[in-house]
Structures are given as C-alpha cells and as structure tokens.
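Architecture at a glance
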Amino acid sequence: DIYCFSRLSNSKMLSHCLCQVYKCLFLRNLKLNLINVATSARRIHSSAKKPSDCELKEQTIQKCETEELPQSTENKNFARLHIPVMLEEVVNCLSPQPGQCFLDMTFGAGGHTTALLEKANDVTIYALDRDPTAYKIAQQLSESYPKQIRALLGQFSQSEALLISSGVEPGTLDGVLLDAGCSSMQFDTPERGFSLQKDGPLDMRMDSDRYPEMPTAADVVNALDQQALASILRTYGEERHAKKIASAIVQARSIYPITRTQQLASIVAGAFPASSLHARKDLLQRPTHVATKTFQGLRIFVNDELHELLIGLKTAEKFLKPGGRLVALSFHSLEDRIIKRFLHGIDMTEKYNLGSRQKIRQALKNCSKEEDTQEFFPHGKSNSKWIFIQKKVLTPQAKDIQTNPRGRSAKLRAAIKL
C-alpha cells in the first residue's frame, strides 16, 4: 500500500511539474511564428531534467564508441522490407564519385546508403541516426563495408560533436542526405507507439529508451492543459479541430490515464460524428483516420523535430565543402517550409504568409538581384550560399507511389554549396 501510494504521489508530482513547465514555456510563444514555437519546444525539452549540451555530447560519443548492440533477424528483415523514398532522384542529385565522403543524417534501414555504395567505388559514408534500431542496422552494414561505413548514434543536434570525434573536419564532406520525419520501421513497430493503426504504448520517442527522463506522448497528453494541447495540435499537426480534440482528451483523461495508441485514437474519433470519421482523404484519395494529424503533432513535439531539422541543416552546411551537395527530403509542409527557407537564405522569423502588396513590393525590390542571379546561376535561384540543382521541388513518380504509398507526400530539394 505504501509503495502504491508512493507511486501515485510521484505520478501526480510529475504531471503537475510537466503541466507547469509546458504551460509556462509553450504558451509564452504561441503568438510567434512556427520556428519560434519550435524554439519554445526546445526549451521545454531541455527543462525536463535533460543533461547539458556538453554532457549530452560526451554521453553520445561514449555510447557510439563503447555500446555493444546485439544483432537480430528482425533488424535484417526491416532493412530488407524497407523501401527508400525517391531513391533514384536522391542518388542522381548526390552524384557520388569514387573516393568521395558522404553523411547520411537519417540512416534508417540503410536503403539510400546502400544505393550510394553500389553507385560508386570506395565512397565513405557516415551513417547517423538517433534511433538505436537504425544504429544496429548501420553497425551490421559496416561489417560488410568495414572501411566505408561509420555508424553514428545521435540526434541532428549532436551530429557536429559526433563527426568531429570521428575525425571529420568542417568543410570536408562531398554530400549530405537528410531524410526528415518518421521511418517505416518506427511506424511498423507497435511497441514504439508511432502508429494509430496498431495498439502499443503511447511513446513516440525516436530515441527510444536512450533518455528515459524525456517525456513521452503519454506524458504530454496526460499533463498539459487543454489550451496547451490545442496549441500543439494546431501548430505541429496543422489540425483545424485542435480545440475540439484537446477538449476530448482532457475529458477522457479525467476518468482514466491515456497510455495506449489506439486508446488515444478512439478518444479523438469520439470527438467527431460518425459520418465524418472517414471524410478525410490522403493524396491518393484514400480515407485517413481523423487522429492522423493529432499523432503527427504529438510526435513532432515529443521529438523536437523542427528544431532538430534546422540544426541538422546548419550542420550539413558547415561540414560540406564548396561544391558539396545537400539533398533534403521532407514529408509535410512544416518540414518543407524550413528546408526551403534555409536554402533560399530567408530569415526563419520572417512571416511566410505575406499579403499580395507585400509580395509585390518584395518582388520589385529583389527584381534586379534575381536578374543577376539568373545570369550567373542558370540552373535555378540561389542566394549567397547555395546553387539549386533543380529549378523546382521534386516529388515521387507515379510508379514510386504505387510501390511505396507512404512516400506519396515526399518533396526533395537539392542544392550545391558555394
């Protein structure tokens, strides 16, 4: 009885603490734009008893050097069944040559990395991923390519320290691939809590249990007040009915804690009339669950994905040599907006929804600059740091979508560093 009471007290203290921290730090920035909200989320994560940046880098480096992870048949199956998104376009844009050095910032199941190894001889690839399962697969692949694959375990924000500890100097890489978002392995593993189609614990941490003190999706939905939850769903999930869903979550958790994925999916579905449960369609005009955007918003928030993406882009720029190539894949508008702005050199704090008059003024102001740009860089628009390889964003071909429907929303942007 004493033990149960102690656990209950600790649970209430955690919930109260999370609620206060999230409310204070998140709501303070609600009126700012997307990037500033992402920065606020970063502060929230760093406040949850997370190690300092210095300690985190040291821990990550030590784990990559000393941690022994068992091999399993399951990892090999993941690698075999996973279909890399826009594989042909990625390889063509990176254009690997013998002896070059690349960084795959989201190794996943290794589909893109394997294609690069097959395309050119003697290439070296640093395979980074924050997911321990992906890191195991990278280690297994490195056994087949011992001199070409360097497996790294860590987040985008830790990649600089990991690269330097591996002997990579800034300005030395020939190419960087950044494949944002969630991997098929994570969606297909119910125990990870990413998918609303399969029941599992409401976790959603891409790092898995590497940082047990970091909040899970269950912590978020059970601790935050209605206003904060609605803000997360609206900002990160782009959910129009955020208030209605947040209200349903708060009402449900007053009766019992929300701890399972399908439990949350049912609560969200209960906030809508039965006639509208399958009214939403994806790009292939297939019915989608009404909780899809809710799960996206929670996942992005829990993993601080937007801030990590921006740090990853900055790291890629720092370590690419002049003439080095950056290929970035995104899967929703929030990610693509950050990548597009970064490559165009647009300030992340600048409003993106300018009015027509503002757009006209800006166009007239930049008219002469664009003429000079087209004269020197005929392949596409460029600022002082990048030349675009493609004039327009690339999207999957119809045959790729049929083979891999999950990649239907992918957008590829590629550029060369000046």
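Remember, it's a predicted structure, so these values are computed and weren't measured experimentally.

Cut-off values and rules
- Residues numbered from 1 in each chain as written.
- Predicted model: local features only at pLDDT ≥ 70, side-chain atom pairs only at ≥ 80, totals over all residues.
- Heavy atoms only, no water.
- Helix = DSSP H or I, 4+ residues; strand = E, 2+ residues; numbered from the N terminus.
- Contact = heavy atoms within 4.5 Å.
- Areas by Shrake-Rupley, 256 points an atom, 1.4 Å probe, with all protein chains shown as cover.
- Salt bridge = Lys/Arg side-chain N within 4 Å of Asp/Glu carboxyl O.
- Buried < 20%, exposed > 50% of the residue type's maximum accessible area, 1.4 Å probe, protein only.
- Pairing = 2+ DSSP bridges.
- Axes fitted to C-alpha atoms, helices over the stretch in contact; angles between N-to-C directions.
- pLDDT = per-residue confidence, 0-100.
- Phe/Tyr/Trp six-rings, centres within 6.5 Å; stacked < 30°, edge-to-face > 60°.
- Expected span 1.5 Å × (residues − 1).
- Polar contact = N/O pair within 3.5 Å; in protein donor to acceptor, adjacent residues only side chain to side chain.
- Lys, Arg positive; Asp, Glu negative; His and termini not counted.

Quick look at the overall build of the chain
When its secondary structure is counted, the chain shows 19 helices and 7 strands. The long-range share in the chain, meaning contacts at least 24 apart out of those at least 6 apart in sequence, stands at 71%. Accessible surface computed for the chain: about 20,800 Å², of which carbon and sulfur atoms make up 52%.

Notes on the pattern of salt bridges
Enumeration over the complete set of coordinates arrives at 12 salt bridges. In this structure, the salt-bridge partner of aspartate 336 is lysine 411, at a minimum N-O distance of 4.0 Å. Residue aspartate 336 is located in helix H16 (residues 333-344), and its partner lysine 411 is located in strand E7 (residues 411-417); the two are separated by 75 residues in the primary sequence. Two residues, aspartate 336 and arginine 413, come together in a salt bridge whose shortest N-O distance is 2.7 Å. With a gap of 77 residues between them, aspartate 336 in helix H16 and arginine 413 in strand E7 connect regions that are remote in the sequence. Accessibility classification places aspartate 336 together with arginine 413 in one group, the buried group. Each of Arg130, Asp207 and Arg210 takes part in one network of salt bridges that share partners.

Quick notes on the sheet that holds E7
If you trace the 7 strands from one edge of the open sheet to the other, you get E3-E2-E1-E4-E5-E7-E6, paired in mixed fashion. Taken across any chain shown, the strands that pair with only one partner, and hence form the sheet edges, are strand E3 (149-153) and strand E6 (386-388). Recorded for the sheet is a direction-independent mean angle of 20° between the axes of neighbouring strands. As paired strands, strand E2 (residues 124-129) and E3 are joined by 5 bridges and run parallel to one another. Its bridge partner lying in E3, leucine 128 is registered against leucine 152. Along the sheet face, helix H7 (residues 132-144) touches E2 and E3 and points at about 165° away from the line of E3.

Observations regarding the confidence of the model for the chain
Caution applies to low-pLDDT parts of the model: their predicted coordinates are not meant to be read in detail. Of the residues in the chain, 69% have a pLDDT of 70 or more, and the chain-wide mean is 80. The least confident element of the chain is helix H3 (residues 53-66), whose mean pLDDT is 46; the most confident is strand E1 (residues 101-104), at 98. Contacts from residues 23-44, a stretch scored under 50 in pLDDT, to residues over four places away or in other chains number 53 contacts. Long-range and interchain partners of residues 46-53, a stretch whose pLDDT sits below 50, account for 15 contacts in this model, where long-range means more than four residues apart.

Some thoughts on the packing of aromatic side chains
Inspection of every chain in the model, using the stated rule, returns 2 aromatic pairs. Geometrically, the ring pair formed by tyrosine 236 and phenylalanine 301 is tilted, given 5.9 Å between the ring centres and 50° between the ring planes. Residue tyrosine 236 is found in helix H11 (residues 226-236), and its partner phenylalanine 301 is found in helix H14 (residues 292-303); the two are separated by 65 residues along the sequence. Judged by its relative accessible area of 1%, phenylalanine 301 is buried. Ring centres of phenylalanine 342 and tryptophan 386 lie 6.2 Å apart, and the angle between their planes is 55°; on these two criteria the pair is classed as tilted. In this pair, phenylalanine 342 is assigned in helix H16 and tryptophan 386 in strand E6, connecting sequence segments 44 residues apart.

Describing H7
Here H7 is 13 residues long and its end C-alpha atoms lie 19 Å apart, about the 18 Å a rise of 1.5 Å per residue gives. Regarding H7, the residues found buried are Pro132, Thr133, Ala134, Tyr135, Ile137, Ala138, Gln140, Leu141 and Ser142. The N-terminus of H7 is capped by aspartate 131, whose side-chain oxygen sits 2.9 Å from the backbone nitrogen of threonine 133.

Things to note about the side chain of threonine 294
Along the chain, threonine 294 turns up in helix H14. Taking the relative accessible area as the measure of exposure, threonine 294 reaches 0% and is therefore buried. Once residues within four sequence positions are removed from consideration, threonine 294 is found in contact with Leu233, Glu239, Ile245 and Val268.

Re the side chain of aspartate 129
Considering the arrangement of structural elements, one finds aspartate 129 in strand E2. Comment: no salt bridge for buried aspartate 129; closest opposite-charge side chain is arginine 130, at 6.7 Å. For aspartate 129, the side chain forms a polar contact with the main-chain nitrogen of phenylalanine 107, separated by 3.3 Å. The residues touching aspartate 129, leaving out its near neighbours within four places in the chain, are Met105, Thr106, Phe107, Gly108, Ala134, Leu152, Leu153 and Gly154.

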